[in-house]
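A look at the structure
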Amino acid sequence: MSEKILEVKDLHVSFRTYAGVSHAVRGVDFYLNKGETLAIVGESGCGKTVTSKAIMGLLAASNTDIKKDGESAILFQGENLLNYGEKQMSQIRGKRISMIFQDPMTSLNPTMKIGDQIMESILIHQKVTKEEARKQALHMLELVKIPNAEERLKQYPFEFSGGMRQRAMIAVALACKPEILIADEPTTALDVTIQAQIMDLIGELQKELEMAVILVTHDLGVVASVADRIQVMYAGKIVERGTVKEIFYESTHPYTRALLNSVPKIHTNNKEVLYSLKGTPPDLINPPEGCSFAPRCEYGMMVCRKKYPEITRFSDSQECSCWLYHPKADTAGLPEGMIRRSVK
Amino acid sequence: MMVKFIGKRVAYAVLTLFLITTATFFLVAAAPGDPIAAKVGQMPEQAQEIINEKYGFDKPVTTRYIMYMKNLLTTGDFGESIVYTGKSANDIIKDNTLVSAKIGLMALVFQVVIGVLLGMISALNRGKPVDHMIRVLVVLAICVPSFVFASLLQYFLAFKWKLVPVFGWGELRHYVLPVAAYAIGGIASYTKYMRSSTLSVIGEDYIVTAKAKGCGKGRVVRKHVLRNSMIPIVTMIGPALAGIFGGSFIIEKMFSIPGLGFYYVKAVSDNDYTMVIGLTIFFALLFVASLIVVDILYGIVDPRIRVAKGSK
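We now turn to the structure provided with this report. These numbers come from a predicted model, not from an experiment.

Once that is clear, we can look at the overall build of chain B. Within chain B one finds 13 helices and 0 strands. Reading chain B from its N terminus to its C terminus gives the helix and strand order α-α-α-α-α-α-α-α-α-α-α-α-α. The C-alpha radius of gyration computed for chain B amounts to 24 Å, which surpasses the reference 20 Å derived for 312 residues by more than 25%, pointing to a less compact arrangement than a globule. In terms of overall dimensions, chain B has C-alpha extents of about 85 × 65 × 30 Å along its principal axes.

Below you can see the structure in the form of structure tokens.
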């Protein structure tokens, strides 16, 4: 039925810093189907962006180590991107896998016309004349719904508003009709009304161009309406994954639940205090031996701090790494939803 | 819009020049000593009167100032030199500016081209041996004064290896040493500035965007890094542009080049007040003009500053 377009296997990324080696991504496995939207959710510093930059091959070589032996691989249409050199990667970037970034204010070259920035990726990857590239760029600007596209092509980024710039960024990224779009917090720097517009736009273009989207965000609210599947990352590992329904209605990992609880609800009134998760993510230079969430977890047990939990599968799509679902775990005091899952 | 912008800048420039002229005039007038007092004392009364009338020394400062300004604005004449009788400051400027400018301009071209190149190489190879080497050389070149370089160059290139003449003026080969000695310090500072501005540009988000588009390394540097990291360099070129006309007193003195810097310093020590004021105004004019040029250049390099765009 669905065809895997990208498969990430046992991805490990670490950075050499002055303080020591920081293990930013510690064994991440996931896949992406053709045309679907996969959301990667988690707090700042949990490895979401590093994972997506690793796929793009955009991590600086000088201080980064990516594990390449053993099972580790990033398979794109069956080809292992980890074995690709800089030259081969630059033929994939922008053409078959594109990326848009968090801050549209700084992601566009301030001294280059918007039109030239869109045309650039077309000219790099397609054998077309400048005139033809310009026409395509114009078409892209119209596609991302920028009014007066003809005139806008000749303008510079500083003449665009934040939302407009993100649209232009999307036009740059999609100019060559890539198979995968990685959107790294595409709406974080924008205000709420613009956020919705941009997410709608990405959704529309995804259908039109039949591409798969990896949506990286810390905002579960953004994810709900657009994602097909969600995976939750914490401290460089994926702690839970499932379909949108499973994550929103039947989440199992205490961290996922904490994330969900910290989203304000429409019926929340101003007398209630919004739930906030206490503590901070662990130091990745010396990551904890057991479950890295254990110190902040409401239901933490002795075993949690000693050994990393095995994966428990709940359905074809949902699985979670948590000791609470071990047959011997004490389920007393768990919220109802979680008990139901654990009894099964 | 551009015309209006430039017009406004020119108006400010005129005001600035007026203030500088006035300030210089009164400062020089207030300075102790008199260029001809010594000579005047030995002259017959009649001669004294003629000289006093010619230069207006017998009148109060304000009257002299009004006389001077009237003369300057109507004829553009800076007045006759007190030391080189019969020659006006204008003649000195006319005869010697080009000499200084030629050396200065050549040096500036070398400074910018080599500096930008080295700075880029250094930044793009950050932490590698090339980078360390360039940085050490830069520190050396900045710390060692230009006259030391000049003498070293004279000793080795001219005296020991006899490649070029030690000093002199007139032919192309005479340019080699002064231009080299003049350029070295500048090359070092342009390298230093270019390195740091390139490093900061490399860290910008739009460079990641460029890579994500599929730009190869060369293209990223040519299309995205170079222009953005040149912006601070353009600011530096402005004052340097004004500086080249003034020349370098030290270099001109060491290589016996009849440039403007040479005369300027001499005028101060001679108390030749018409020359001092005239040359000061001339340098101020160049400086102010070069700042306007920089503003225009800036607009070309950085579209955000281009005021011409303000149609909407």
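What follows concerns the pattern of salt bridges. Per the stated rule, a full pass over the model turns up 17 salt bridges over all chains. One salt bridge connects Glu7(A) with Lys4(A), and the closest N-O pair in it is separated by 3.9 Å. Judged by its relative accessible area of 23%, Glu7(A) is partly exposed. Overall, Lys4(A) belongs to the partly exposed group, its relative accessible area being 44%. With a closest N to O distance of 3.1 Å, Glu319(A) and Arg313(A) form a salt bridge. For Glu319(A), a relative accessible area of 12% gives the class buried. The exposure class of Arg313(A) is exposed, given its relative accessible area of 55%. A single network of salt bridges, built from pairs that share partners, joins Glu120(A), Lys213(B) and Arg219(B).

All names here are of chain A. Read across the sheet, 8 strands follow the order β7-β8-β9-β3-β10-β11-β13-β12 without closing on themselves; strand pairing throughout is mixed. Here the strands that pair on one side only, and so sit at the sheet edges, are β7 (97-100) and β12 (311-313). This sheet shows a mean twist of 20 degrees between the axes of neighbouring strands, independent of strand direction. Taken together, the 5 bridges between strand β8 (residues 180-184) and strand β9 (residues 212-217) define a ladder with parallel strand orientation. Looking at the pairing, Ile182 lines up with Ile214 of β9. This element, helix α1 (residues 48-56), spans β3 (37-41), β7, β8, β9 and β10 (229-234) of the sheet and lies at about 145 degrees to β7. Set on the sheet, helix α6 (residues 162-174) makes contact with β7 and β8; between it and β7 the angle comes to about 165 degrees.

Once that is clear, we can look at the environment of Ile311(A). Residues and elements named next belong to chain A. One can find Ile311 in strand β12. On the basis of relative accessible area, Ile311 is assigned to the exposed category, the value being 51%. Along the sequence, Ile311 and Met199 sit 112 residues apart, while their C-alpha atoms lie 32 Å from each other. Aside from chain neighbours lying at most four places away, what touches Ile311 is Glu319, Cys320 and Ser321.

On to the pairing of β8(A). All names here are of chain A. In terms of burial, β8 is largely enclosed, as 5 of its 5 residues are buried. With burial as the criterion, each face of β8 is covered, one bearing Ile180, Ile182 and Asp184 and the other bearing Leu181 and Ala183. With 4 bridges joining them, β7 and β8 adopt parallel strand pairing. Among the inter-strand pairings, Ser98 is bridged to a residue of β8, identified as Leu181.

Turning next to the environment of Gln117(A). On the secondary structure map, Gln117(A) appears in helix α3 (residues 114-125). Here Gln117(A) falls in the buried class, since its relative accessible area comes to 2%. In the structure, Gln117(A) is positioned 55 residues away from Val172(A) in sequence and 6.7 Å away in space, judged by C-alpha atoms. Sequence-distant contacts of Gln117(A), that is, excluding residues within four places in its chain, are made with Leu108(A), Asn109(A), Met112(A), Pro157(A), Val172(A) and Lys213(B). A polar contact of 2.7 Å, which involves the side chain of Gln117(A), links it to the backbone oxygen of Asn109(A).

Scoring rules and cut-offs
- Residues numbered from 1 in each chain as written.
- Chains lettered and ligands numbered in written order.
- Predicted model: local features only at pLDDT ≥ 70, side-chain atom pairs only at ≥ 80, totals over all residues.
- Heavy atoms only, no water.
- Helix = DSSP H or I, 4+ residues; strand = E, 2+ residues; numbered from the N terminus.
- Rg over C-alpha atoms; globule rule 2.2 N^0.38 Å.
- Salt bridge = Lys/Arg side-chain N within 4 Å of Asp/Glu carboxyl O.
- Buried < 20%, exposed > 50% of the residue type's maximum accessible area, 1.4 Å probe, protein only.
- Pairing = 2+ DSSP bridges.
- Axes fitted to C-alpha atoms, helices over the stretch in contact; angles between N-to-C directions.
- Contact = heavy atoms within 4.5 Å.
- Polar contact = N/O pair within 3.5 Å; in protein donor to acceptor, adjacent residues only side chain to side chain.

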